[in-house]
Every structure is written in structure tokens, then in C-alpha cells.
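Spelled out from the first residue to the last, the chains are:
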Amino acid sequence: MSTVPPLPPQATAPYIPNHLVWAILTTLFCCLPMGIVSIVYAAQVDGKRAAGDIAGALETSRKAKFWAVLSACVAIVPLTLYLIFAFVVGGLSVLAG
């Protein structure tokens, strides 16, 4: 009877989020230039982690998240200002009505 020997324990790298989906969504819906920077950093995370550069992967993950958040914020501020302006102008037209 032959038995299969157990696999040797593998040193697995910790999970590091790459934030690629968030980077793509902020590129499409928010701010194109900052979203592209976020995509570039997000694409580097898995390669660095696979190469064993955990510190580099953590740093690029942090940068990808930063640029994605910044891109979303840059889109939210003008949208909020526009909505405030629309409500003020709409309210004044009703009052003048």
C-alpha cells in the first residue's frame, strides 16, 4: 500500500488588499487622472507580494487606497457644491414666482 506524503508547510504571505476594484470605479465615475494613479499602484501590489516584498506591497496598497479616496473626494466636493447651488437657485425662483 502506498501513501501520499503530506505536503511541506508553505510560507504564505499575508493577504494584502490591492484596492483595484475601487481604483477602477473611481477612475470611471470620479476623477480620471487620480484614478489612473490608483490603478497603477493597485496593479503593483500582487506582484510585490508574490515576489516576497511584503513591505513594498503594503506601501503600494496604502498608496492605491489613498489615491482612490482622493479621487472620490475630488468628485464629491463639486457635486455637493452643484447640488447646493441648484437648491438655492431653485428656491429663489420659487420665492420670486
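We now turn to the structure provided with this report.

Procedures and definitions
Residues numbered from 1 in each chain as written. Predicted model: local features only at pLDDT ≥ 70, side-chain atom pairs only at ≥ 80, totals over all residues. Heavy atoms only, no water. Phe/Tyr/Trp six-rings, centres within 6.5 Å; stacked < 30°, edge-to-face > 60°. Buried < 20%, exposed > 50% of the residue type's maximum accessible area, 1.4 Å probe, protein only. Axes fitted to C-alpha atoms, helices over the stretch in contact; angles between N-to-C directions. Helix = DSSP H or I, 4+ residues; strand = E, 2+ residues; numbered from the N terminus. Parallel < 35°, antiparallel > 145°, perpendicular 65-115°, else oblique. Left-handed = near helix turned anticlockwise from the far one by under 90°. Contact = heavy atoms within 4.5 Å. Nonpolar A, V, L, I, M, F, W, Y, C, P; charged D, E, K, R; others polar.

A short note on the packing of aromatic side chains
Okay, so step 1: Applying the stated criterion to the full structure yields 1 aromatic pair.
Okay, so step 2: Judged by centre distance (5.5 Å) and plane angle (80°), the ring pair of Phe66 and Trp67 falls under edge-to-face.
Okay, so step 3: By relative accessible area, which is 45% here, Phe66 ends up partly exposed.

Some words on the packing of helix α1 (residues 20-29) against helix α2 (residues 32-50)
For any two helices packed against each other, the geometry comes down to the angle between their axes and how far apart the axes lie.
Okay, so step 1: Running from N to C, α1 and α2 point in directions that differ by 160°, and their axes come no closer than 8 Å. It follows that α1 is roughly antiparallel to α2 by the angle criterion. In this structure, the crossing between α1 and α2 has a hand that is left-handed. Contact residues: Leu20, Ala23, Ile24, Thr26 and Thr27 in α1; Leu32, Gly35, Ile36, Ser38, Ile39 and Ala42 in α2.
Okay, so step 2: Of the residues in the contact of α1 with α2, the class split is 7 nonpolar, 4 polar and no charged.

Digging into unusual backbone geometry
Okay, so step 1: Despite not being glycine, His19 has its phi angle at roughly 60°, a positive value.
Okay, so step 2: By the secondary structure assignment, His19 is in the segment before α1.

Limitation: the analysis is restricted to geometry and does not speak to function.
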